[in-house]
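# Descriptive analysis of the structure
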Amino acid sequence: KRKAIRVMITGAAGQIGYALAPQVATGAMFGSDQPIILHLLDVEPAKNALEGLRMELVDGAYPLLQGVFTFTDVAAASKDVDVAVMVGGYPRKAGEERKDVMSKNVSIYKSQASALAENASKDVKVVVVANPANTNALILAENAPSIPRENITCLTRLDHNRALGQISERTTTHVSAVKNVIIWGNHSSTQYPDVNHGSVVGKPIRSVVSDDAWLNGEFITTVQQRGAAIIKARGLSSALSAANAVCNHVRDWVRGTPAGTWVSMGVVSDGSYGVQPGLVYSYPVVCSGGKWRVVQGLPIDDASKERMRTTEAELVEERDLALQCLAEKSGAAQ
Ligand code: NAI
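Every value quoted in this text rests on a predicted model; they were computed, and no experiment measured them. Residue numbers restart at each chain and count upward from 1, following the sequence in its written direction. Reporting of local features is limited, given that this is a predicted model, to residues whose pLDDT is at least 70; pairs of side-chain atoms are given and counted only at 80 or more, and all residues count toward the totals for whole chains, interfaces and linings.

## Points about the UniProt feature "active site" (unreviewed entry) in the protein
UniProt positions are given in the numbering used here, feature names are shortened, and annotations may be inferred rather than shown by experiment. UniProt's entry tags His 187 with the feature "active site" (unreviewed entry), counted in the numbering of this structure. Secondary structure elements follow DSSP: runs of H or I no shorter than four residues count as helices, runs of E no shorter than two count as strands, and numbering proceeds from the N terminus. Along the chain, His 187 turns up in the loop between strand E8 (182-184) and strand E9 (192-194). Residue class for His 187 comes out buried when judged on the 28 C-beta atoms lying within 10 Å of it. Field definition: a residue is buried when 20 or more other C-beta atoms are found within 10 Å of its C-beta, exposed when 12 or fewer are, and partly exposed for counts in between, with C-beta atoms placed from the backbone.

This is the structure in structure tokens:
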């Protein structure tokens, strides 16, 4: 019998947690033959909501679920976890400055980094979902030196899936026949959804769509702004699609990407495609044996280079702001 995989979800009492926990319990992350133990973490004020989620998971009578534990302490929650899905964070409220929100979030990721490093399984795989996702992941990586760099990622798979969905609708082709789009850079509105290397039923996306004005314009802005469009429509930010993307991200990372297919993941840059090393930047990756590798050598045209640099510049600015916030905090504490 297989050993259960321990999956921690932080911010589990929130919207994404409510969609994600049952998807993991039904096998969307590791398949229908892999037992799971869930570690659900949230803050003290969310304790009752968290307990409600635990009760509903028990009531789901999921065959794969071998245990559900709730925590308000990150060190206890991190104990022996194999996968950590970091959804917990502080949302931006009306009238708040970007810097204040950044400061609150990167402080959370700094303190959770050490708890994870000290308590999680040695080869824990981490995916940061909470925004600013790339920068939270960078802060986590810098403050958890004992966790291998390549084990710390952020979620851009939702953006990737959104791009697949747009091409599928536009070409009236099932989404499974659309492949190898790329999300470059930040999980924000500066991201660059790139179709230049992708295909629809094996033919280049550009030739099948046959409308470069749309591909270079509305397609890109639709994918970049999709999160805001969902908020406008639902009054709440995307949750089920985010949860689905988390399962896709971890599943492909652990079980491998299908032959001839790549996916987008935010990973610690090694300088590939001229991006500053150390930034958490979304790249096309292929996975096998539980490891990802950036797809190398794709020809990049000038317009794409420009867009890739724009989103990189935003990540540099976010990193500098995050480091400044942390320095001010530690200064204030002394
Ligand atoms: P939510 O507000 O419903 O849930 C967040 C939860 O985090 C809350 O229950 C809150 O109590 C908890 N939390 C706050 N501080 C915490 C801490 N220190 N430790 C543990 N838990 C903590 O938000 P929702 O809709 O679930 O979204 C979560 C995050 O994911 C947001 O930052 C959102 O912007 C981001 N997001 C990212 C996406 C991506 O593609 N990367 C897509 C959609 C959302």
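## Considering the site of the ligand
The full set close to the ligand counts 27 residues, and Gly 11, Gly 14, Gln 15, Ile 16 and Gly 88 are the nearest of them. Note that Gly is not counted as nonpolar here; it falls among the polar residues with everything else outside the nonpolar set of Ala, Val, Leu, Ile, Met, Phe, Trp, Tyr, Cys and Pro and the charged set of Asp, Glu, Lys and Arg. Residue classes in the shell around the ligand are distributed as 16 nonpolar, 10 polar and 1 charged. The criterion for a residue being near a molecule or strand is simple: its C-beta atom, placed using the backbone, must lie within 6 Å of it.

## Overview of the UniProt feature "domain: Lactate/malate dehydrogenase C-terminal" (unreviewed entry) in the protein
Feature annotation in UniProt assigns "domain: Lactate/malate dehydrogenase C-terminal" (unreviewed entry) to the following positions: residues 156-320. The span residues 156-320 is 46% helical and 19% strand by assignment, and the distance between its end C-alpha atoms comes to 21 Å.

## Description of the packing of helix H6 (residues 157-171) against helix H11 (residues 240-255)
Helix-helix packing is described using two parameters, namely the angle between the two axes and the distance between the axes. An axis is simply a line fitted to the C-alpha atoms; with a helix, the fit covers only the stretch in contact. Between two such axes, the angle follows the N-to-C directions and lies from 0 to 180 degrees. Packing of H6 against H11 brings their axes to within 8 Å, and their N-to-C directions diverge by 105°. When the axes of H6 and H11 are compared, the pair comes out roughly perpendicular. On H11, the residues touching Arg 157, Leu 158 and Asn 161 of H6 are Ser 241, Ala 242, Ala 245, Asn 248 and His 249. For the contact of H6 with H11, the per-class residue count stands at 3 nonpolar, 4 polar and 1 charged. Relative orientations are named as follows: roughly parallel for angles under 35 degrees, roughly antiparallel for angles over 145 degrees, roughly perpendicular for angles from 65 to 115 degrees, and oblique for any other angle. We call two residues in contact when their backbone-placed C-beta atoms lie within 7 Å.

## Some remarks on the nonpolar core
In terms of nonpolar packing, the biggest core is built from 79 residues, with Val 85, Val 128 and Val 129 touching the most fellow members. Once you skip the residues sitting within four places of it in the chain, Val 129 turns out to touch Ile 16, Val 85, Met 86, Val 87, Leu 155, Ala 242 and Val 246. Here, a nonpolar core means buried Ala, Val, Leu, Ile, Met, Phe, Trp, Tyr and Cys residues linked by C-beta atoms lying within 7 Å of one another. Core analysis: the second largest hydrophobic core is formed by 16 residues, Ala 163, Val 195, Phe 219 and Met 308 among them.

## Focus: the sheet that holds strand E14 (residues 291-294)
A pair of strands counts as paired when DSSP detects no fewer than two bridges linking them. Within the open sheet, the 9 strands sit side by side as E3-E2-E1-E4-E5-E6-E12-E13-E14. Their pairing is mixed. The strands lining the two open edges of the sheet, one partner per strand, are strand E3 (65-71) and E14. Within this sheet the neighbouring strands show an average axis-to-axis angle of 30°, counted without direction. Direction of pairing for strand E2 (residues 36-41) relative to E3: parallel, over a ladder of 6 bridges. Bridge pairing links Leu 38 to Val 68 in E3. The strands touched by helix H1 (residues 15-25) are strand E1 (5-10), E2, E3 and strand E4 (83-86); relative to E2, the strand with the most contacts, the crossing angle is about 165°.

## Examining the pairing of E1
Within E1, 6 of the 6 residues are buried, which leaves it mostly tucked inside the rest of the structure. Along E1, one buried face is formed by Ile 5, Val 7 and Ile 9 and the opposite face, lined by Arg 6, Met 8 and Thr 10, is buried too. Here 6 bridges tie E1 to E2, and the two strands are oriented parallel to one another. Of the residues in E2, the one forming a bridge with Val 7 is Leu 38. In the classification by handedness, the crossover that spans E1, the intervening H1 and the parallel E2 is right-handed. A clockwise course of the path from the first strand over the helix to the second, judged with the strands pointing away from the viewer, identifies a crossover as right-handed.

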